[in-house]
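Now for the letters of each chain:
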Amino acid sequence: MSGNIVIGVDVGGTFTDVFVYNEATGQVETTKVPSTRGDQSKGFIEGIRRKVADFGDIRTVVHGTTVGTNALLERKGARTGIITTEGFRDVLEMRRRDRPTTWGLRGSFDPIVDRPDRVEVEERVLADGTVLQDVDPEAVKAQARALAEAGCEAVCVFFINGYANDENERIAVEAVRSVWPTAYVTAATEILPEIREFERLSTATLNAYLQPVVSSYLDRLEQGLDKKGFHGELLIVQSNGGVMGVGTAKDFPVRTALSGPAAGVIAAQAIAEAAGFSNIVTCDMGGTSFDVSLVAEGAAALAPQTSIDFGMVVRTPMIEITTIGAGGGSIASLDASGLLTVGPESAGSDPGPVCYGLGNKRPTVTDANLILGRINPDRPIGGKLDRLDIDTAREAIRTNVSDPLGLTVEEAAEAILRLANAKMAGAIRLVSIEKGHDPSKFAAMPFGGGGSLHTGALIKEVGLGSALVPRFPGVTSALGCVVADMRHDRVQTVNRLLSDIDAAALGSELQSVARTTEAVVTSAGAAFARIDRVFEFDMLYIGQTHTVAVAVDPTVGLTTHAIQEAFNTAYSAAYGRLLDGIPLRVMNYRVTVIGRRPAFDMGVFAPKDGKSADECRTGSRTVWAEGAFHEAGLFDRLSLAVGERIAGPAVLEQPDTTIFVDPGLVATVDGFGNLVIRPEA
């Protein structure tokens, strides 16, 4: 491995963001290029080429990808087959007997695998792991051949109680792999050896569904980098905020389902920690969506499972992110009743907002910001266009919104922003107030191309204490790729009473699993400052449904008493009291191995030769805010010195984003080059 350049690349629906860090010189560079639909690897390589002449100088490339996310949302994965236990072909379709609209009388759902492609074989393992009926490998091969001949590109093998004993499933998988024409064969217990059949099947099936798509993309990416002379390590961001090697990503593509958004949260967490903010709400606004996540007391929230879309459940640790359709490209229109709506439909990157001049005639959030003076039409970000067409954007808002509602164009544009801001505020309340957090103790951290334009409105709407705007908001997710640790999670169902468990033997098993998992983490060849191991049990009282996570340490000799005490601590913290006299059950154990990458010095973002606010002022522009016109100062944000203070209304410009400081707010540059925005005292 050679070179001293580390690169983070985040591919979004509109732009591909590149963050370049030269470890030898401490120099940081960023760029944005339009994402290339159809083959994201082209935009990926072009973005790097703009900043690095010799790919041989690159030591590490870390990638946050939306290939898997888009394939799931657009249902453009591979045709997939399922081989399952006789009588269980409809588990994927039955789900949890839920419906898309909870209180609706009707609900339709089409599983990603059609019923003819879900086939059965005779086999049976009981819940205690006893093999009641052995599987016939020849019968499995016959079904596999039939699925391949029908046109399936990938296959998932799922047996009903495989988590308790995977012997039948292992035999079946070997049989399938002996006749399947590709390497895309998924064993459900290899993906998730955990109780609950629907979640296990859904996760494994989605993994199979993504394998051909993600693997072929990564193959093209590797080949493209090789042709440019790259010989370093290529790592992929996981939904849990860690990174993994390319080989692991090809085997477990379902772990990339929220890859890009997770990278942004990890970067925000690192930036906030350095700046002294332990409580933040991340606000990632791109061209299509607005992603919100909570970091409380310095820790990002992890969810054990998530639904990518209705009925598409992935049970694997993921950073808890709430997504709504409120991006810069979200389209504003009047519904059948004449009321203004914004999103979730988006103009995306092609054709994009009306001001792009590429054929869209319906106004978007970006068009509204442009008309209100918050975006400079002569300095569009991303390099896709030389200038934004403000006149066409005004006409689109006049025709579609202002004339029908009897408003001026400015009033209509502000109405669009207010509605978009209200939707964003609702998402922030969902992850903060509705979970018992006081928003006044949290700072918003806006990033993505458009997030910094809405910061002030969100502070006022939600009652947040402040906002922390990173040095490079438009490429924060790409920075997250660079600072993310390598992580691998393993889970195994135990499903036994605590009193029936041999604690010492279980402790030895945990350490054995940790050693195996660590081998996966270290196989990518990445350099680590240290490697941490985390051990947890999912436990509950008999008769309960939901578990609590119980941290244990098997390295000091695990005992039943130690597990009991650890459970008492965790349960008391969650619910405030214990239930006396009720036996405990251990449902699962979880082993996490984290390879801590060398710490990234956020001090590299501090302005080296900063100037005063007066020196950085580039002019003024009329902006519309809070129902009136204002004269706002224009500033070169990246040239501002530490400690400089700018009162709103003001517009701060930089290559990757634009920041709007609302009237009544003031922005101050901190020691790391961040902008801290607070209500004016």
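Computed from a predicted structure; not experimentally measured.

Student: Residue-level account of the packing of aromatic side chains, with values.
Tutor: By the definition in use, this model includes 10 aromatic pairs. For the pair Phe 472 and Phe 605, a centre-to-centre distance of 5.9 Å together with 70 degrees between the ring planes defines the contact as edge-to-face. With a gap of 133 residues between them, Phe 472 in the loop between strand 24 (466-469) and helix 14 (476-483) and Phe 605 in the loop between strand 28 (584-596) and helix 17 (613-616) connect regions that are remote in the sequence. Residue class for Phe 605 comes out buried when judged on its relative accessible area of 6%. Ring geometry for Tyr 571 versus Tyr 575: centroids 4.7 Å apart, planes at 45 degrees, classification tilted. Linking Tyr 571 with Tyr 575, this pair stays in helix 16 (residues 560-575), spanning four residues, or about one helical turn.

Student: Go over the pairing of strand 14 (residues 290-296), please, and point to the residues and values.
Tutor: With six of seven residues buried, strand 14 is to be regarded as a mostly interior element. Both strand 13 (residues 280-285) and strand 14 contribute to a ladder of six bridges, which runs antiparallel. Bridged to Cys 283 within strand 14 is Val 292. Following strand 13, the chain reverses through four residues before pairing antiparallel with strand 14. Inspection of the sheet shows strand 14 paired to strand 20 (residues 322-324) by three bridges, in the antiparallel sense. From the neighbouring strand, Asp 291 faces strand 20, where its bridge partner is Thr 323. Here strand 14 pairs with strand 15 (residues 299-300) via two bridges, running antiparallel. Along strand 15, the bridge assignment pairs Val 295 with Ala 300. With antiparallel pairing between neighbouring strands as the criterion, strand 14 and strand 15 make up a hairpin whose turn holds two residues, including Glu 297 at a positive phi of roughly 55 degrees.

Student: Please provide a residue-by-residue account of the environment of Glu 297, values included.
Tutor: Here Glu 297 shows up in the loop between strand 14 and strand 15. Excluding residues within four positions of it along the chain, Glu 297 makes contact with Ser 278 and Asn 279.

Student: Can you tell me about helix 5 (residues 167-179), naming the residues and giving the values?
Tutor: With 13 residues, helix 5 should reach 18 Å at 1.5 Å per residue; the first-to-last C-alpha distance of 19 Å fits that figure. Of the residues making up helix 5, those classed as buried are Asn 168, Glu 169, Ala 172, Val 173, Ala 175 and Val 176. Viewed end-on, helix 5 has its buried residues packed into an arc of 160 degrees, placing them on one side of the element.

Student: Let's hear about the packing of helix 1 (residues 40-51) against helix 7 (residues 197-227): which residues, and what values?
Tutor: One way to put it is that helix 1 packs onto helix 7 with a least axis distance of 9 Å and a crossing angle of 30 degrees. When the interaxial angle is binned, helix 1 and helix 7 end up roughly parallel. Of the two elements, helix 1 crosses helix 7, and the hand of that crossing is right-handed. Of the residues in helix 7, those touching helix 1 at Gln 40, Ser 41, Phe 44, Ile 45 and Ile 48 are Tyr 217, Arg 220, Leu 221, Gly 224 and Leu 225.

Student: An account of the confidence of the model for the chain is requested, with residue identities and associated values reported.
Tutor: With 98% of its residues at a pLDDT of 70 or more, the chain has an overall mean of 89. When mean pLDDT is taken per element in the chain, strand 9 (residues 154-158) scores highest with 97 and strand 17 (residues 306-309) scores lowest with 75.

Student: Can you tell me about the pairing of strand 2 (residues 15-22), naming the residues and giving the values?
Tutor: Burial within strand 2 is extensive, with eight of its eight residues counted as buried. Every second residue of strand 2 is oriented toward a common face, with Phe 15, Asp 17, Phe 19 and Tyr 21 on one face and Thr 16, Val 18, Val 20 and Asn 22 on the other, all of them buried. Alignment of strand 2 against strand 3 (residues 28-34), held across seven bridges, turns out to be antiparallel. Bridged to Phe 19 within strand 3 is Thr 30.

What counts and what doesn't
Residues numbered from 1 in each chain as written. Predicted model: local features only at pLDDT ≥ 70, side-chain atom pairs only at ≥ 80, totals over all residues. Heavy atoms only, no water. Phe/Tyr/Trp six-rings, centres within 6.5 Å; stacked < 30°, edge-to-face > 60°. Helix = DSSP H or I, 4+ residues; strand = E, 2+ residues; numbered from the N terminus. Buried < 20%, exposed > 50% of the residue type's maximum accessible area, 1.4 Å probe, protein only. Pairing = 2+ DSSP bridges. Contact = heavy atoms within 4.5 Å. Expected span 1.5 Å × (residues − 1). Arc of directions from axis to C-beta. Axes fitted to C-alpha atoms, helices over the stretch in contact; angles between N-to-C directions. Parallel < 35°, antiparallel > 145°, perpendicular 65-115°, else oblique. Left-handed = near helix turned anticlockwise from the far one by under 90°. pLDDT = per-residue confidence, 0-100.

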